[in-house]
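Residue-level structural notes
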Amino acid sequence: MTTAPTTRRSDIEGLRAVAILAVVLDHLLGRPVGGYLGVDVFFVVSGFVITTNLLREHSGTGRIDLLGFARRRALRLLPAAAITIAVTVVIAVAVLPSGRAASVARDAVFAAIGAANWHFAADGTNYFARDAPPSPLQHFWSLAVEEQFYLAWPLLMVLVLGWSRRAAVALVLVLAVASALCAGMAEPVGGYFATQSRVWELASGSLLAFVPDPLGHHHRLRRVVRACSGTVLLAVLLAGDERLGAPMPIAIPAVLAAAGIILSGGQNRESPRLVSAPAQGLASISYPLYLWHWPVIVLLPAVLPGAPPHVLLPLSLLVPLALSIATTWGVERPVRSWATARSAPERDTPSRSRRPLRHRARGRLGQDRFRALLAGMVALSTIAILLCVKAVGADQSRVDSSVADGEVAATAERDPAADPDRTGAVADPDRDDTDLNPDGTAGPALDQRRAAAIRAGLGLRSWPSTIPSIDDVSADDYLTRQVSSPRWADVLRCSQQTGGRDRTSCTFGAPDGRLAVLVGDSTAAFTMPALRQLVEGEGSAWRILDLARFGCPFTAAEIHFDTDGDGCERHKQQVVTTIEELQPDLVLVMNAEGSRDESTPLVDGLRDLLDETRTDAAIAFLLPNPVGPDIRSCAVPGGRPAMCETRPSAQQRRLVARLDGVRLVDTTPVWCASSRCPAVIDDQLVRVDALHVTPEAAATAASAMGRALSAAGIELGRSTDDGS
């Protein structure tokens, strides 16, 4: 006998409730930090339940009906999933820029065929796709893993059970060990999504179905195992930071804890908390809640652009709950009743004995029609509320816009800084609120046209036609295309992670001019069009060698964001060797600021790496353009450019200013005024995402960049008064 009873296990349903609650809260609030491990718990539960059902069928009939199993799984999973995918795509097309909507449509294809995990794993290993806004269908990766398990596992069970149960147990153990080894050695992003890295979790649950109840009638031991397992699960959900390694090793305690709870339950020995009414109620909608919660979290800010957090947060919880209840009563239960009625055996007995079965089936279907109607009313009410909120927001936006238009007409030189409340930027203690007006107060003075362009960008009430367009930028392959585009390929290809580097083709400017070397990560690479324009300008006495590399900040700290293993470390050593060999006149460094935890190590590591480099060159650090909201997320139809504004950060400036022998080039006034940085300057889209400046914006800002360099005592090329 196994631990699996012949009826529904309420404690396992309660375990599902714990898992879905952890996942939803983690995605919504970022807490608990280990909430993502709820997915690992789902895998253990699925492995146990599916294998238990297969073993029960084999024990009772001597065979496993593969077609019947596939039909039951399809009826259980596909209707709700299909509706979720369809609704998500329709809403994405309605509210997202066309490029990002097309990306969601592609994601939907992979989600529909059960290959979403491989699709997102491929995106995760693409440097430019790693920081893209999350897909509203990204959570389908875990469903894809389970669907692949449902396809392969019954077939393997048929094969090995034909020999013996011992052969089946041996197969489960081999799969678990091999998968665990794959998970431990896999690249973090690809391994997180990969099927082979998750099989061990499903196999762990499957193994439980083969093991006779090891706790037997030892009730005290059973309570101890249940208490310890519950404590471990709670601890890992609360404190299981993914930086400890996901899925391995951090998933190990979660899997063992889930297994312990399953082993200690059954036979009416369940935990009271797991079988409580709230837990069972949440478990009953766990599958549709998993389906709906993530699309709502991702798409709601685009449906209600500019809505404050205190509006978005409760709606992000209530809307998925309403849709889950509607899906449960309006889709899942009617489908289940239909399948039950259709599969009920017709007995060759008098009609009187058959009528109660049909009557009961009709009764269930009638009840389900009523429940479906009720669920539909709930769903329609939810949609109506959202539309009302959106309409109110749109009306208020029109009022704001008309008032603003009157103010602009009355005051031709209106300063947007006088209206700080309309910016979408969120106050941050690390932000610098020093006056950064382009008048020389806290930075190099810029020409009046550039200053006016920045002020005009801050005063925009709607999105203009930009270069590049928002639709172009929102395409998931935009940055990749820029590397190979005829206009920018000769600059950006120098910073690729793969492929040979040719010093000659990556050197720009006066052939016999003084030599500058650019080092740093992708922020330097995308600023290179401005530096190239400076050194190629008329009368330039400089040339510049581009040694920047995507995802590889110039620092001794082991912080990098590339996908080429130790390629970043090799590249940095090559850069040091090249600088020592060429002995340039100037070394320009530009690194992204990184997170709060990374900023100090990045700058300290820069100092250490510069100390290792034997050169007499002048060293200058260029502050990158300020990081802001991801353009691909904040620039939505019906939204305003203010939603994509940002503010300059003081943290990196303070850290770099403390470095001896390094000149600080403050580029903040190139992009900002009055401590605010617009998303559009001179009809140029400033950022392509949250971090990288667009090549077009960089080239347009060349003269302003030259003045920022001049203010730091660096005359790179010859600045012209061309108004840029």
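Worth saying up front: this structure is predicted, and the values here are computed from it rather than measured.

So, the packing of aromatic side chains
As enumerated under the stated definition, the model contains 10 aromatic pairs in all. With centroids separated by 6.1 Å and ring planes inclined at 75°, the aromatic side chains of F43 and W141 adopt a geometry described as edge-to-face. With F43 in helix α2 (residues 38–61) and W141 in helix α7 (residues 140–161), the pair connects residues that are 98 residues apart, well separated along the chain. Summarising the burial analysis for this pair, F43 and W141 share the class buried. Pairwise contacts between aromatic rings join F43, F120, W141, Y192 and F193 into one cluster.

What to know about the state of the cysteines
Defined simply, a disulfide is a covalent bond joining two cysteines at their sulfur atoms. Inspection of every chain in the model, using the stated rule, returns four disulfides. Two residues, C552 and C568, share a disulfide whose sulfurs are 2.1 Å apart. What sets the handedness of the C552 and C568 disulfide is the S-S torsion sign, and at about 85° it is right-handed. Linking C552 in the loop between β3 (542–546) and α22 (567–582) with C568 in helix α22, this pair joins segments that are 16 residues apart in sequence. Both residues of the pair, C552 and C568, belong to the buried class. For the chain, the disulfide bridges join cysteines in the arrangement 1-2, 3-4, 5-6, 7-8, where the cysteines are counted in sequence order.

Notes on the side chain of T523
Looking at the element boundaries, T523 is found in helix α21 (residues 522–535). Among the polar contacts made by the side chain of T523, one reaches the side chain of D521 at a distance of 2.5 Å. Among all residues touching T523, those that are not within four sequence positions of it are M590, N591, A592, P624, L691 and H692.

Observations concerning helix α12 (residues 251–264)
Taking 1.5 Å per residue as the helical rise, α12 with its 14 residues ought to reach 20 Å, and the 20 Å between its terminal C-alpha atoms agrees with that figure. Listed in full, the buried residues belonging to α12 are A251, A254, V255, A257, A258, A259, G260, I261, I262, L263 and S264. Along its buried surface, α12 packs onto α1 (10–29), α2, α10 (199–210) and α11 (219–239).

Observations concerning the environment of T577
Mapped onto the elements, T577 comes out in helix α22. On the basis of relative accessible area, T577 is assigned to the partly exposed category, the value being 46%. Measuring from C-alpha to C-alpha, the distance between T577 and T613 comes to 8.0 Å, with 36 residues separating the pair along the chain. Side-chain polar atoms of T577 contact the backbone oxygen of Q573, separated by 3.0 Å.

Section: α10
Taking 1.5 Å per residue as the helical rise, α10 with its 12 residues ought to reach 16 Å, and the 17 Å between its terminal C-alpha atoms agrees with that figure. Within α10, 10 of the 12 residues are buried, which leaves the element mostly enclosed by the surrounding structure. Restricting attention to buried positions, one finds in α10 the residues W200, E201, L202, A203, S204, G205, S206, L208, A209 and F210.

Considerations on the environment of I85
Positionally, I85 belongs in helix α3 (residues 66–95). Accessibility expressed as a relative area gives 11% for I85, which makes it buried. Sequence spacing of I85 and P295 is 210 residues, and the spatial spacing of their C-alpha atoms is 9.1 Å.

Description of the packing of α21 against helix α28 (residues 702–711)
The N-to-C vectors of α21 and α28 enclose an angle of 80°; their axes lie 9 Å apart at closest approach. Between α21 and α28, the angle falls in the class roughly perpendicular. Here T527, A530, L531, Q533 and L534 of α21 come into contact with α28, specifically with A702, M705, G706 and L709. Grouping the amino acids of the contact of α21 with α28 by side-chain chemistry returns six nonpolar, three polar and no charged.

Some points on the pattern of salt bridges
If you walk through the whole model with that rule in mind, you get 16 salt bridges. The salt bridge partner of R198 is E201, with a shortest N-O separation of 3.4 Å. By relative accessible area, which is 1% here, R198 ends up buried. R614 is the salt-bridge partner of E580, the closest N and O atoms lying 3.4 Å from each other. One end of the pair, E580, is in helix α22; the other, R614, is in the loop between α23 (596–612) and β5 (618–622), and 34 residues separate them in sequence. On the basis of relative accessible area, E580 is assigned to the partly exposed category, the value being 21%. In this structure, a network of salt bridges that share partners links the residues D40, R198 and E201.

Conventions and cut-offs
Residues numbered from 1 in each chain as written. Predicted model: local features only at pLDDT ≥ 70, side-chain atom pairs only at ≥ 80, totals over all residues. Heavy atoms only, no water. Phe/Tyr/Trp six-rings, centres within 6.5 Å; stacked < 30°, edge-to-face > 60°. Helix = DSSP H or I, 4+ residues; strand = E, 2+ residues; numbered from the N terminus. Buried < 20%, exposed > 50% of the residue type's maximum accessible area, 1.4 Å probe, protein only. Disulfide = S-S within 2.5 Å. Polar contact = N/O pair within 3.5 Å; in protein donor to acceptor, adjacent residues only side chain to side chain. Contact = heavy atoms within 4.5 Å. Expected span 1.5 Å × (residues − 1). Axes fitted to C-alpha atoms, helices over the stretch in contact; angles between N-to-C directions. Parallel < 35°, antiparallel > 145°, perpendicular 65-115°, else oblique. Nonpolar A, V, L, I, M, F, W, Y, C, P; charged D, E, K, R; others polar. Salt bridge = Lys/Arg side-chain N within 4 Å of Asp/Glu carboxyl O.

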